[in-house]
Amino acid sequence: MSEAAWDPPVRRVRVGDRPVGRYHIETWGCQMNLLDSDKIAGALERRGYERAREAGEADVVVLNTCSIREKAEEKVFSELGRLRALKDRREGMVLAVCGCVAQQEGARIFERAPYVDLVVGTRATAALPILLDRIRSGDRSARRTADTELRNDSLLFPHDQIRREPAAAKAYVTVIEGCNHRCTFCIVPTTRGREASRDMDDVLAEVRQLADRGVAEVEFLGQTVNAYRDRRGRTLADLLAAASRLGGVRRIRFTTSHPAQMTERLMDAMAASRPKVCPYLHLPAQSGSSAVLRAMRRGYDRDGYLRKVEALRDRMPELALGTDIIVGFPTETDADFQDTLRLLEEVEFDTVYSFVYSRRPGTPAARWPDPVPPPEKRRRLEALQSLQKAIQERRHAAYVGREVEVLVEGPSKRTSSEWTGRTPEARVVNFAGSTAPGRFETVLVTAATAYSLRGELVRRSA
Ligand code: 5AD
């Protein structure tokens, strides 16, 4: 696709200056979902909708759901009950459910919540504005439509994304959707479908456009981002090399990588594309026990994972590593769990996202007995988190007295008198002083906790 075709002119369907309606989107869960909501918002704005100040003032309310870990199938109905009350008060309000629960439950949602108008699956989001038009123009046949076909619509309208104002320091760019792995705990293959990669030229055109708007950092997104391979056979290694040659963009990241697909070629491309490609990698191990990894069907064992880490650190000694761990998997014994603790000690991750195993409908592990009692699962989670906290405290303490480069993201969550940003290794840094989102600053680290660094502004670096 040529670049001109890729970024069509905005077509706003408006009657005079008035919007065709107002929309409100409620988003659950992951980064992927936040980006999907941005895409839906962009598609609606192109269609002439305006963002409502709150749900009660909206003509269209979209609930964008996530089902990766929570018992989302229940949560969705309690949330819909709340939205129904708004709908009862506002004539003509259209209620749509999107995201993974929509994909998973489909038309079943209408059985328990007949007041829902639309159910749109994860790869049919592009159909949403048209279906809304039909419903709002009184076409009764469009009501209670469930469109959950796994097309690649959502990959095809990235240019519709609206970007948060003021021009954000960083932006996410979807490069691949879906997942071809079959991990026994995971619902993603059901809810997001098989892998589909976007054309590399499309991706680069979007990155160029973001850079022109002043975005300093892009993060490539995909459930298994390192499986990226476009129709011409170009892989994530090629994309990193090409993106790092573009002017404007100063930092490049990508997430989430599957360890089994972390090839030497990709490691080489990361190392060669420094410093633009940041020295941070999110590499979910899920467990440190080979037996559990086999039952999870992860495609690597404990040693295999450790060899990947070693190969990465050989090339990039400064690399920071993040991981995901599930505790209380059905086959996990206490000895398996101890192996996971030892993995954390051995690797010394910079960040660990840890979760208690949760049975997901339709996954292979959901059919197995789940013998680890809930209090034991929680005990394991707490033990893991307290070990990791000590590791992070130790690693962060070593930063005190050092100068770091920070890309300013915005005001800090805790105190509005401070700014927050990240180092290339994705460490959070808070500091006071005069700056603005999107600027790069040098900060002298004066204090550290397990989760963030605090420092003083040194001087403008650029
Ligand atoms: N239970 C608990 N955690 C899960 N994850 C995925 N599926 C489950 C599940 N059924 C976690 C994994 C994954 C992260 C996004 O969510 O650690 O990497």
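Look up a bit, the structure's there.
Rules used in this analysis
Residues numbered from 1 in each chain as written. Predicted model: local features only at pLDDT ≥ 70, side-chain atom pairs only at ≥ 80, totals over all residues. Heavy atoms only, no water. Near = heavy atom within 4 Å. Polar contact = N/O pair within 3.5 Å; in protein donor to acceptor, adjacent residues only side chain to side chain. Areas by Shrake-Rupley, 256 points an atom, 1.4 Å probe, with all protein chains shown as cover. Nonpolar A, V, L, I, M, F, W, Y, C, P; charged D, E, K, R; others polar. Helix = DSSP H or I, 4+ residues; strand = E, 2+ residues; numbered from the N terminus. Salt bridge = Lys/Arg side-chain N within 4 Å of Asp/Glu carboxyl O. Buried < 20%, exposed > 50% of the residue type's maximum accessible area, 1.4 Å probe, protein only. Phe/Tyr/Trp six-rings, centres within 6.5 Å; stacked < 30°, edge-to-face > 60°. Lys NZ or Arg CZ within 6 Å of the ring centre and 35° of its normal. Contact = heavy atoms within 4.5 Å. Pairing = 2+ DSSP bridges. Axes fitted to C-alpha atoms, helices over the stretch in contact; angles between N-to-C directions. Right-handed = clockwise from strand over helix to strand, strands pointing away.

**Let's talk about the site of the ligand**
In step 1: Ile 68, Arg 69, Phe 185, Gln 286, Asp 324, Ile 326, Phe 355, Val 356, Tyr 357, Ser 358 and Arg 360 make up every residue found near the ligand.
In step 2: Here an oxygen atom of the ligand and a side-chain polar atom of Gln 286 are 2.7 Å apart.
In step 3: Ser 358 places a main-chain nitrogen or oxygen 2.7 Å from a nitrogen atom of the ligand.
In step 4: Coverage of the ligand by the protein amounts to 88% of the 410 Å² it exposes when considered alone.
In step 5: Partitioning the shell around the ligand into residue classes produces 6 nonpolar, 2 polar and 3 charged.

**Quick notes on the environment of Arg 69**
In step 1: Topologically, Arg 69 is positioned in the loop between β3 (60–65) and α3 (72–89).
In step 2: Counting along the chain gives 229 residues from Arg 69 to Arg 298, while the straight-line C-alpha distance between them is 18 Å.

**Considering the pattern of salt bridges**
In step 1: Under the defined criterion, the tally for this structure stands at 47 salt bridges.
In step 2: Among the salt bridges present, the one from Arg 251 reaches Glu 217, with a minimum N-O distance of 3.6 Å. Pair noted here: Arg 251 is in strand β11 (residues 251–255) and Glu 217 is in strand β10 (residues 217–221), with a separation of 34 residues, a long-range link. Neither Arg 251 nor Glu 217 differs from the other in exposure class; each is buried.

**Concerning the packing of aromatic side chains**
In step 1: According to the stated counting rule, one finds 5 aromatic pairs in the structure shown.
In step 2: Here Phe 185 and Phe 329 contribute two aromatic rings whose centre-to-centre distance is 6.5 Å and whose plane-to-plane angle is 85 degrees, an arrangement assigned as edge-to-face. Of this pair, Phe 185 sits in the loop between β8 (176–177) and α8 (188–192) while Phe 329 sits in the loop between β13 (320–327) and α14 (334–347), and the two are 144 residues apart along the sequence.
In step 3: Among the residues examined, Phe 185 registers a relative accessible area of 10% and is labelled buried.
In step 4: Under the relative-accessibility criterion, Phe 329 is labelled buried at 0%.
In step 5: Ring geometry for Phe 329 against Tyr 357: centres 5.5 Å apart, planes inclined by 80 degrees, an arrangement best described as edge-to-face. With Phe 329 in the loop between β13 and α14 and Tyr 357 in the loop between β14 (351–356) and α15 (374–397), this pair connects stretches of sequence that are 28 residues apart. A single burial state applies to Phe 329 and to Tyr 357, both of which are buried.
In step 6: Each residue in the set Phe 185, Phe 329, Tyr 357 and Trp 368 is aromatic and connected to the rest through ring pairs, giving one cluster.
In step 7: One residue, Arg 69, lies across the ring of Phe 355, its end atom 3.8 Å from the ring centre.

**Digging into the environment of Ile 135**
In step 1: Tracing the backbone shows Ile 135 in helix α6 (residues 128–136).
In step 2: Residues Ile 135 and Asp 117, 18 residues apart in the sequence, show an inter-C-alpha distance of 8.2 Å.
In step 3: Those residues within four positions of Ile 135 in sequence are excluded, and the remaining contacts are Val 94, Asp 117, Leu 118, Ala 142 and Arg 143.

**Considering the sheet that holds strand β12 (residues 280–282)**
In step 1: One open sheet accounts for 3 strands, arranged β12-β13-β14; its pairing is parallel. Each edge of the open sheet carries a strand with a single partner, namely β12 and β14. Neighbour-to-neighbour, the strand axes of this sheet turn through a mean angle of 15 degrees, independent of strand direction.
In step 2: Direction of pairing for β12 relative to β13: parallel, over a ladder of 3 bridges. Bridged to Leu 281 within β13 is Leu 321.

**Regarding the pairing of strand β4 (residues 94–98)**
In step 1: Within β4, 5 of the 5 residues are buried, leaving the element largely enclosed by the surrounding structure.
In step 2: Of the two faces of β4, both are covered, the one formed by Val 94, Ala 96 and Cys 98 as well as the one formed by Leu 95 and Val 97.
In step 3: As paired strands, β3 and β4 are joined by 5 bridges and run parallel to one another. Across the sheet, the residue bridging to Asn 64 is Cys 98, located in β4.
In step 4: Handedness of the β3-α3-β4 crossover: right-handed.
In step 5: Pairing of β4 with strand β5 (residues 118–120), which is carried by 2 bridges, proceeds in the parallel orientation. By the bridge assignment for β5, Val 97 is matched with Val 119.

**Looking at the sheet that holds strand β7 (residues 170–174)**
In step 1: As summarised here, the arrangement of the 3 strands in space is β7-β10-β11, forming an open sheet in which the pairing is parallel. The outermost strands of the open sheet, each flanked by one partner alone, are β7 and β11. Strand-to-strand, the axes of this sheet are offset by a mean angle of 25 degrees, without reference to chain direction.
In step 2: Judged from the 5 bridges that link them, β10 and β11 form a sheet pairing that is parallel. Paired with Glu 217 across the two strands is Arg 251, which belongs to β11.
In step 3: Contacts from helix α2 (residues 31–46) reach β7 and β10 within the one sheet, and its direction differs from that of β7 by about 90 degrees.

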